[in-house]
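Observations on the three-dimensional arrangement
The residues making up each chain are set out below.
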Amino acid sequence: MESREWRSAVAWVLVAGLGAVLGACSDARGAGGSSGAAGDGGVSGAGGASGAGGASGASGASGASGAGGASGASGASGDGGVSGAGGASGAGGAGGVARPSYNTGVGFFTLNGKLYDANGVEFRIRGANRAHYDIAPTGGTLAKINAFRLGTPLWEGPGPAVVADIDRMITDRIVPILGVWFTTSDYADAGNVTCKSSTGAGLTVFQTAVRQWVAWYATYQSKGYERYVLLNIANEWGSPWSSGDTAWLDAYQSAIETLREAGFLATLVIDAGGCGQDAASLLHHAQALYDHDPQHNIVFDLHVYGNFCESSQGVPCQSWQTPLAATLDQLVASRSARYGALPMLVGEFGPGRDVGPSPTLLTPGYILQEANARGFGWLAWAWDDNNLPGCAANDRSFSLLTHPCRGYASRADLTTFGQEVIENASYGTRATAVPATIF
């Protein structure tokens with residue numbers, strides 16, 4: 001993200017936390033209330049962080065959150081994989097591939113640019129983000145969502161509500177992608193990792209998030225979550241890439257070491273810097289992070305909003321934007337000399353139509369089809385990002401559902417965005433998403 005976009009994001013982080021939260025559906029924080037204002041990197045009122053990539057609050061309290069994405073339909077993969085250098089290749093039974101010898105976990109693993117479930121069957125993420133952990137995602141199974149990404153309030157420790165939510169997703173055969181947006185229960189900006197700098201106070205809050213993951217390990221281990229979950233270390237954290245600056249890389253290398261030493265062997269998800277939209281941070285540093293991880297088990301996550309353009313789609317590029325298709329092609333070409341292609345995800349995208357913070361005219365259909373064409377997973381932002389009182393949303397929101405607290409039962413429950421992501425006959429989740437085989 002170019003500097004003027006970054007400054008805009010930071011400015012909104014400082015002011016958007018003043019957004020009001022109107023009451024709603026689930027708890028005293030108004031899980032489904034109307035959203036507060038949020039900007040390019042803004043924190044939405046009382047609990048939803050929204051950035052240029054529009055991450056919403058880990059608490060589920062309803063401020064206006066930003067935007068979302070992530071992908072793929074899971075077919076059984078054939079034989080193959082990266083051989084040598086510790087990577088076992090060949091058939092893995094039931095059409096799957098063998099877990100590489102260097103990967104000692106029992107859950108998802110990555111190999112040569114692909115994500116596999118514990119049975120060695122390729123899993124392509126095709127799902128959505130959730131803005132509110134405390135609103136049950138009713139209708140997720142009907143929508144055939146195969147993964148939900150959401151903020152996890154790790155400061156609550158095991159947190160019975162959080163554990164129940166994770167267990168419900170697993171029961172529904174939906175892969176939980178657990179992430180950190182906030183590190184404090186007051187949802188103050190100081191405790192928000194979204195769009196924060198890679199140094200100073202931004203680095204401090206990132207390190208706090210890593211410590212909270214470690215403190216949560218006992219729950220992760222005792223519940224057997226390693227088989228089912230992916231861990232998104234910190235939502236949209238870190239500065240955009242600049243020549244000679246390794247702060248983002250250094251922080252993530254340290255985080256990987258800490259989490260692996262604590263016992264987390266699950267697939268890690270690492271967002272691009274620059275509010276999740278700075279592809280350069282991945283292009284320059286993803287290979288080093290993948291090689292640094294002793295499990296070599298990372299998916300890299302790009303969020304697609306206003307930093308991207310595409311002249312062929314009638315969205316001409318401004319000086320601070322980059323063409324989406326060319327950027328995705330560059331990510332496809334990213335490789336580790338020893339471990340092959342690097343796994344990529346479009347972890348957030350919104351409704352287009354110039355809606356919301358970091359607006360774009362790129363359509364959801366174009367974005368997810370470009371991701372599909374390159375084998376990337378995708379996650380729309382968001383299942384439940386309501387913008388109206390009474391847990392309601394309209395087509396000026398980032399919500400897939402018109403009434404998130406009510407859930408999804410028919411087309412009438414979907415916004416225009418939701419109709420495209422869920423019910424499009426060619427590429428929607430109902431037509432293309434396949435659950436992991438581990439359930």
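As a reminder, the structure under discussion sits directly above these lines.
Described in the following lines is the structure provided in the data block. Remember, predicted model here, so these are calculated numbers, not experimental data. (Residues numbered from 1 in each chain as written. Predicted model: local features only at pLDDT ≥ 70, side-chain atom pairs only at ≥ 80, totals over all residues. Heavy atoms only, no water.)

Looking at the state of the cysteines
- The full count for this structure, using the stated rule, is three disulfides.
- Here Cys309 engages in a disulfide with Cys317; their sulfurs sit 1.9 Å apart. The chirality of the disulfide connecting Cys309 with Cys317 is right-handed, given an S-S dihedral of about 90°.
- Two residues share a disulfide in this structure: Cys391 and Cys405, whose sulfurs sit 2.1 Å from each other. For the disulfide bridge between Cys391 and Cys405, the dihedral angle about the S-S bond is near 90°, and by the sign convention the bridge is right-handed. Here the residue Cys391 occupies a position in the loop between strand 16 (377-380) and helix 9 (416-423), and Cys405 occupies one in the loop between strand 16 and helix 9, the gap between them amounting to 14 residues. (Disulfide = S-S within 2.5 Å. Helix = DSSP H or I, 4+ residues; strand = E, 2+ residues; numbered from the N terminus.)

Section: the pairing of strand 15 (residues 344-349)
- In terms of burial, strand 15 is largely enclosed, as six of its six residues are buried.
- Where strand 10 (residues 298-304) lies against strand 15, five bridges are found, and the strand directions are parallel. What sits directly across from His303, in strand 15, is Glu348.
- In this structure, strand 15 lies alongside strand 16, joined through two bridges in parallel fashion. Looking at strand 16, one finds that Leu345 is bridged to Gly377.
- Running through helix 8 (residues 364-373), the crossover from strand 15 to the neighbouring parallel element strand 16 is right-handed. (Buried < 20%, exposed > 50% of the residue type's maximum accessible area, 1.4 Å probe, protein only. Pairing = 2+ DSSP bridges. Right-handed = clockwise from strand over helix to strand, strands pointing away.)

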